[in-house]
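# Architecture at a glance
Given next are the chains, with one letter for each unit.
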Amino acid sequence: LMQRYEIRIDGQLSTTLTAAFPELDHVVMSDQTVLYGPVVDEAQLYGLLTRCQSLGLRVVEMCQVPE
């Protein structure tokens, strides 16, 4: 069952960094970047968070959003 998630990252991500998340769309706010899109399961969700960590990104908030 696919769920939609938002992952808020501290700072404005470069094009190179947003390209590291091809399965998600993104929007850059003044001091945050929001990655969002469908996540198929918990394993994919943890994979996304691990990718954030390995790239040195600071996750401010992560939440499930309604369809």
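Going by the structure above, here's the rest.
Residues numbered from 1 in each chain as written. Predicted model: local features only at pLDDT ≥ 70, side-chain atom pairs only at ≥ 80, totals over all residues. Heavy atoms only, no water.

This next bit is on the overall build of the protein. The helix and strand inventory of the protein stands at two helices and four strands. When the elements of the protein are put in sequence order from the N terminus, they spell out β-α-β-β-α-β. A compact globule built from 67 residues should have a C-alpha radius of gyration of about 11 Å, and the protein, at 11 Å, falls within 12% of that. Here the C-alpha coordinates of the protein stretch approximately 30 × 25 × 20 Å along the principal axes. The 67 residues of the protein split such that 28% are buried. (Helix = DSSP H or I, 4+ residues; strand = E, 2+ residues; numbered from the N terminus. Rg over C-alpha atoms; globule rule 2.2 N^0.38 Å. Buried < 20%, exposed > 50% of the residue type's maximum accessible area, 1.4 Å probe, protein only.)

In total, this model carries four salt bridges according to the counting rule given. The residue Glu-6 makes a salt bridge to Arg-8 at a minimum N-O spacing of 3.6 Å. Here the salt bridges do not stand alone but share partners, grouping Glu-6, Arg-8 and Glu-61 into one network. (Salt bridge = Lys/Arg side-chain N within 4 Å of Asp/Glu carboxyl O.)

Since the α-helix advances by 3.6 residues per turn, residues separated by three or four positions end up pointing in the same direction. When the terminal C-alpha atoms of helix H2 (residues 42-54) are compared, their 18 Å separation across 13 residues agrees well with the 18 Å that a helix rising 1.5 Å per residue should span. Within H2, the full set of buried residues consists of Leu-45, Leu-48 and Cys-52. The buried residues of H2 all sit within an arc of 60° when viewed along its axis, so they share a single face. What points out from H2, more than 90 degrees from its buried face, is the exposed set Ala-43, Gln-53 and Ser-54. Looking at the buried residues of H2, the elements they touch are strand E1 (3-10), strand E3 (32-39) and strand E4 (59-65). Gly-56 sits one or two positions beyond H2 and adopts a positive phi of about 75°. (Expected span 1.5 Å × (residues − 1). Arc of directions from axis to C-beta. Contact = heavy atoms within 4.5 Å.)

A separate point is the state of the cysteines. Disulfide: a covalent bond connecting the sulfur atoms of a pair of cysteines. Scanning all chains against the criterion turns up zero disulfides. Unpaired in terms of disulfides, Cys-52 finds its nearest cysteine sulfur in Cys-63, a separation of 13 Å. (Disulfide = S-S within 2.5 Å.)

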